[in-house]
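Reading the structure
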Amino acid sequence: MAIACFIRYEIDPFQRDAFRDYAENWGRIIPRCGGNLIGYFLPLEGTNYEAWGLVGFDSLAAYEAYRARLRSDPESRANFAMAQEKRFILREERSFTEVVDGAFQRAAQ
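Okay, so let's go over this structure. Fair warning: this is a prediction, and the values are worked out from it, not measured in the lab. (Residues numbered from 1 in each chain as written. Predicted model: local features only at pLDDT ≥ 70, side-chain atom pairs only at ≥ 80, totals over all residues. Heavy atoms only, no water.)

With that settled, the discussion passes to the pairing of strand S1 (residues 3-11). Note on strand geometry: in a regular strand, side chains alternate between the two faces of the sheet. Most of S1 is tucked away, with seven of its nine residues classed as buried. Looking at chain direction, S1 and strand S3 (residues 50-57) are connected through eight bridges and run antiparallel. Looking at S3, one finds that Ile7 is bridged to Gly53. As paired elements, S1 and strand S4 (residues 89-98) share nine bridges and run antiparallel to each other. Bridge pairing in S4 places Ile11 opposite Ile89. (Buried < 20%, exposed > 50% of the residue type's maximum accessible area, 1.4 Å probe, protein only. Helix = DSSP H or I, 4+ residues; strand = E, 2+ residues; numbered from the N terminus. Pairing = 2+ DSSP bridges.)

Take a look at the structure:
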């Protein structure tokens, strides 16, 4: 994995369970469509309206191919539609980050 797509969500805190369902659906969809799902994260303590998703790719070209597969995947389209219908995502931002090899997934010693 060379890059990570860091997705910051502003969610409706009263629809936390709906976002959890949405994230769990991506747990099946993202790997099938070619993304390396690192995880989705809900707020636990502190702010109650920020959630995150983190997905890895070998390159921006791999990300673009993945996005094309998402658009044609029926379960992906249904998940996006559910989010639009229930309106639990108030805002979404994407940033692409480069992995720092010497500081990624290092075990405690």
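With that out of the way, let us pick up the pattern of salt bridges. Within the structure shown, the criterion is met by seven salt bridges. A salt bridge links Arg8 to Glu93, with the shortest nitrogen-to-oxygen separation between them at 3.8 Å. In this pair, Arg8 is assigned in strand S1 and Glu93 in strand S4, connecting sequence segments 85 residues apart. We note a salt bridge from Glu75 to Arg28, for which the minimum N-O separation is 2.6 Å. (Salt bridge = Lys/Arg side-chain N within 4 Å of Asp/Glu carboxyl O.)

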